[in-house]
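# Topology and contacts: notes
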Amino acid sequence: MNTPSELKYTKDHEWIKIEGNVATIGITDFAQGELGDIVYVDVDTVDDDLNGGDVFGSVEAVKTVSDLFLPISGKVIEFNSELEDQPELLNTDPYGNGWIIKLELADGADQSELLSAEDYQAIIG
């Protein structure tokens, strides 16, 4: 299972990469493996201010639909438009071209719930 050490993770199987006050967010390799073939990504929260833990979209796989939870508070500023035509990027490149949104972090956004790669690995076994 691929779990890059430079990223942070959530118990809900999202990853987050924080650069300055912008965060890139996607789902983990473990999550895409559990979901199976992803056929659709729905994000209708661009330009919305959301709190950590809020649903920012959903991923539809052949067998199920799964909500996507925001790891940290902020404003959704971009959706990866490549996913509209290639939702399978979440399966083939979850930490690269398969990113889902970019988020402008809220002032003082709480990062205490974010997990290290080691902590996330311990959760998924």
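Values in this document were obtained by computation on a predicted structure and should not be read as measured data. (Residues numbered from 1 in each chain as written. Predicted model: local features only at pLDDT ≥ 70, side-chain atom pairs only at ≥ 80, totals over all residues. Heavy atoms only, no water.)

For the rest of this paragraph, the subject is the overall build of the chain. Each helix and strand in the chain was counted, giving four helices and nine strands. Secondary structure elements in the chain, listed N-terminal to C-terminal, are β-β-β-α-β-β-β-β-β-α-α-β-α. In terms of C-alpha radius of gyration, the chain reaches 13 Å, essentially the compact-globule figure of 14 Å for 125 residues. Judged by the C-alpha coordinates and their principal axes, the chain covers about 40 × 35 × 20 Å. Evaluated residue by residue, the chain yields a buried proportion of 46% over its 125 residues. Residue pairs in contact within the chain that sit at least 24 positions apart in sequence constitute 61% of those at least 6 positions apart. With the model as given, the accessible surface of the chain reaches about 6500 Å², and the carbon-plus-sulfur share is 40%. Distance from the positive charge centre (6 side chains) to the negative charge centre (27 side chains) of the chain: 5 Å. (Helix = DSSP H or I, 4+ residues; strand = E, 2+ residues; numbered from the N terminus. Rg over C-alpha atoms; globule rule 2.2 N^0.38 Å. Buried < 20%, exposed > 50% of the residue type's maximum accessible area, 1.4 Å probe, protein only. Contact = heavy atoms within 4.5 Å. Areas by Shrake-Rupley, 256 points an atom, 1.4 Å probe, with all protein chains shown as cover. Lys, Arg positive; Asp, Glu negative; His and termini not counted. Charge placed at Lys NZ, Arg CZ, Asp CG, Glu CD.)

According to UniProt, the positions carrying the feature "modified residue: N6-lipoyllysine" (unreviewed entry) are Lys63. By relative accessible area, which is 76% here, Lys63 ends up exposed. (UniProt positions renumbered as here; feature names shortened; annotations may be inferred.)

With that settled, the discussion passes to the sheet that holds strand β8 (residues 74-79). Pairing is antiparallel across the open sheet formed by six strands, whose spatial order is β1-β2-β3-β9-β8-β5. Here the strands that pair on one side only, and so sit at the sheet edges, are β1 (8-9) and β5 (49-50). Pairing geometry for strand β3 (residues 22-27) and strand β9 (residues 101-105), over four bridges, is antiparallel. When the bridges of β9 are listed, Thr24 appears paired with Lys102. (Pairing = 2+ DSSP bridges.)

Our next topic: a negative patch on the surface. A cluster of like negative charges, contributed by Asp44, Asp47, Asp48, Asp49, Glu104 and Asp107, occupies part of the molecular surface. Of note, Asp48 is situated in the loop between β4 (38-42) and β5. A relative accessible area of 30% means that Asp48 is categorised as partly exposed. (Patch = residues over 30% accessible without salt bridge, like charges linked within 9 Å, V, L, I, M, F, W, Y side chains within 5 Å. Salt bridge = Lys/Arg side-chain N within 4 Å of Asp/Glu carboxyl O.)

Its location among the elements puts Asp110 in the loop between β9 and α4 (117-124). By relative accessible area, which is 49% here, Asp110 ends up partly exposed. Along the backbone, Asp110 and Asn51 are 59 residues apart, and their C-alpha atoms lie at a distance of 9.8 Å. Within the structure, Asp110 has its side chain in polar contact with the side chain of Ser112 (distance 2.7 Å). (Polar contact = N/O pair within 3.5 Å; in protein donor to acceptor, adjacent residues only side chain to side chain.)

Within the largest apolar cluster, 27 residues are counted, with the highest numbers of intra-cluster contacts made by Ile27, Val41, Phe56, Leu90, Ile100, Ile101 and Leu103. Once you skip the residues sitting within four places of it in the chain, Ile27 turns out to touch His13, Glu14, Trp15, Gln32, Leu35, Ile38, Leu68, Leu90, Pro94, Tyr95 and Ile100. Grouped together as the second largest cluster of nonpolar side chains are 10 residues, Trp15, Leu115, Tyr120 and Ile124 included. (Core = buried A, V, L, I, M, F, W, Y, C linked by side-chain atoms within 4.5 Å.)

Judged by side-chain polarity, Val39, Tyr40 and Val62 come together as a nonpolar surface patch covering roughly 300 Å² of accessible area. Exposure remark for Val62: the relative accessible area of 63% places this residue in the exposed category.

Once that is clear, we can look at the sheet that holds β4. Read from one edge to the other, the open sheet built from three strands follows the order β4-β6-β7, with strand pairing classed as antiparallel. Edge positions in the sheet fall to β4 and β7 (65-69), since each of these pairs with one other strand and no more. This sheet shows a mean twist of 25° between the axes of neighbouring strands, independent of strand direction. (Axes fitted to C-alpha atoms, helices over the stretch in contact; angles between N-to-C directions.)

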